[in-house]
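# A look at the structure
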Amino acid sequence: MNRVYFNINSPEAQALLSSPNGQGTVWFLAQHKNPLGWKIITGVTVFMNREDTSWNFLFRIANHTATNHQQATGSGSKRGPKYEDAIKEMYRLAASDVHSSLAVRDEPDVFGDAIKLGAEVLTNVSSGSLLYDTHHPQYMTDEYDFDFATNVTWSVSESRSKLIAQEVLSRVASNGADSKLSLFKAEGMALIGTYEGSTVASLIASAVRDRFISDVSVVGGSDSMALCFHIQDFKASGPDW
Amino acid sequence: MASTPDGSTGRTYQPTAGKYMNIYNPEIIIAQDIYSPDHTGTRKTPEVKGQDVIPFKQWSDVTFVIWQDYCKNQPNCMQGVRGILQMSVVNPNSKTTAEQAMTKAGRSSTTG
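A count of helices and strands for chain B gives three helices and five strands. The order of helices and strands in chain B, counted from the N terminus, is β-β-β-β-α-α-β-α. Put simply, 48% of the contacts in chain B that link residues at least 6 apart link residues at least 24 apart.

The structure is reproduced here in structure tokens:
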């Protein structure tokens, strides 16, 4: 066995953290919390070089959030209100994160407004003021295909949504960014700020309480576009951003 | 590390042959070949140790300064670190810990 991942809750991972190489990594993160942001180590992968049989340690790093703090301390280890709280907190963080970085950005009007709206939607979803009655017939149409396990795909028809989706597509093409856009990125947040995005975000929060939207992608081209909202099961995946 | 004047004390420290060879990439820092001045200083003749080793000597501090420089003009780069890879670990304590962890994983089959 030449490659093993140790979750940070395991004694092995904690022992590796306390090794001289682990300590350097911890110091690096802990002593520069302001410029680096508050980070946590989620686990360690140990693997062996074939040539010289020496060991490599890959320390995996994530942003500290209420979510993974709960995971680490075990306080959120069961489904239920804790998960809801954690997801709300994640949405709230995404909203405030993108919102605060807006000050230094110079976004075109429609796009900038969409980002603000997206942040507002997530803030409202997380405060519980934007939840739907999902049994209402209005939401039981063929317009979108709900597969809560993986994703929600919705073809874009509204002209404002089209503009935003096109802007996102051109950005993805020009900077080679991942086509899956995190809510912590302006592009992902702008897509939440579309009619489709705000509806799906509210629906997920209303109907499936331990799942959350992790990323959004734009599928298709200028003629026919769809937004694909990637849904993650909180317990199965945990946060990955 | 070569003999280096330390800005804070004005003192020039003796070389220790310590070195930190890192590879900087977006999201990951790879520590490829690292020997701390505290360790290598003791192999010098005469030994360089204790207060005679330059205070700015920790991997974490040296790496941070270069990471900061690497990330300048790149928005979200500094905060974007998602992994630190310590490659070809040579420290005996780290090696022993890894071997014990891997042996234990083998016994309990907690592969990931």
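In contact at an axis separation of 8 Å, helix H2 (residues 20-31) of chain A and helix H2 (residues 59-71) of chain B are set at 55 degrees when each is read in the N-to-C sense. If you check the angle between H2 of chain A and H2 of chain B, you find them oblique. The crossing of H2 of chain A and H2 of chain B is right-handed. Contacts between H2 of chain A and H2 of chain B involve Gly24, Trp27, Phe28 and Gln31 of chain A from the former and Trp59, Ser60, Thr63 and Phe64 of chain B from the latter. When its residues are assigned to classes, the contact of H2 of chain A with H2 of chain B shows four nonpolar, four polar and no charged.

Next up on the list: the nonpolar core. Counting residues in each nonpolar core, the largest one holds 39 residues, and the members touching the most others are Ala94, Leu122, Met189, Ala201 and Ile213 of chain A. Secondary structure elements with two or more residues in this core: helix H5 (81-102), helix H6 (109-127), strand S5 (151-155), helix H7 (159-175), helix H8 (186-192), helix H9 (195-207), strand S7 (211-220) and strand S8 (225-233) of chain A. Considering every element that reaches this core, the biggest residue donor is H5 of chain A, with eight residues. In this structure, Val4, Ile8 and Ile41 of chain A together with Val62 of chain B belong to the second largest nonpolar core, which totals 32 residues.

Ordered by their spatial adjacency, six strands build an open sheet running S1(A)-S2(A)-S3(A)-S5(B)-S4(B)-S3(B), and the pairing between neighbours is mixed. Only two strands of the sheet have a single partner each, and these edge strands are strand S1 (3-7) of chain A together with strand S3 (19-25) of chain B. Each strand axis lies, on average, 20 degrees off the axis of its neighbour in the sheet, ignoring direction. The sheet contact formed by S1 of chain A and strand S2 (residues 39-48) of chain A spans five bridges and is antiparallel. Each bridged residue has a counterpart across the sheet, and for Asn7 of chain A the counterpart in S2 of chain A is Gly43 of chain A. Packing against the sheet, helix H1 (residues 11-18) of chain A makes contact with S1, S2 and strand S3 (55-63) of chain A, and its axis sits at approximately 95 degrees to S2 of chain A. Set on the sheet, H2 of chain B makes contact with S3 and strand S4 (28-35) of chain B; between it and S3 of chain B the angle comes to about 35 degrees.

Take the interface of chain A and chain B next. Every contact between the two is made by 29 residues of chain A and, on the other side, 30 residues of chain B. Counting residues per element, the ones that place at least two in the side of chain A that touches chain B are S1, H1, H2, helix H3 (33-36) and S3 of chain A. A breakdown of the residues in the side of chain A that touches chain B according to their chemical character gives 17 nonpolar, 10 polar and two charged.

Our focus in this paragraph is the confidence of the model for chain A. Residue and element names in this part refer to chain A. Confidence along chain A averages 74 in pLDDT terms, with 69% of residues attaining 70 or more. Averaged over each element, pLDDT in chain A is lowest for strand S4 (residues 144-147) (43) and highest for S3 (92). Contacts for the low-pLDDT stretch residues 73-80, under 50 throughout, to residues beyond four places or in other chains number nine contacts. In the predicted structure, residues 237-241 sits below a pLDDT of 50 and forms 12 contacts with residues beyond four places in sequence or in another chain.

Once that is clear, we can look at H6 of chain A. Residues and elements named next belong to chain A. For H6, built from 19 residues, the straight-helix expectation of 27 Å at 1.5 Å per residue is met to within 8% by its first-to-last C-alpha distance of 27 Å. Residues of H6 that are buried: Ala114, Ile115, Gly118, Ala119, Val121, Leu122, Val125 and Ser126. Looking down the long axis of H6, one finds its buried residues gathered within 155 degrees of arc, a one-sided arrangement. Away from the buried face of H6 by more than 90 degrees, exposed residues Asp109 and Ser127 are located.

What counts and what doesn't
Residues numbered from 1 in each chain as written. Chains lettered and ligands numbered in written order. Predicted model: local features only at pLDDT ≥ 70, side-chain atom pairs only at ≥ 80, totals over all residues. Helix = DSSP H or I, 4+ residues; strand = E, 2+ residues; numbered from the N terminus. Contact = placed C-beta atoms within 7 Å. Axes fitted to C-alpha atoms, helices over the stretch in contact; angles between N-to-C directions. Parallel < 35°, antiparallel > 145°, perpendicular 65-115°, else oblique. Left-handed = near helix turned anticlockwise from the far one by under 90°. Nonpolar A, V, L, I, M, F, W, Y, C, P; charged D, E, K, R; others polar. Core = buried A, V, L, I, M, F, W, Y, C linked by C-beta atoms within 7 Å. Buried ≥ 20, exposed ≤ 12 C-beta atoms within 10 Å, placed from the backbone. Pairing = 2+ DSSP bridges. pLDDT = per-residue confidence, 0-100. Expected span 1.5 Å × (residues − 1). Arc of directions from axis to C-beta.

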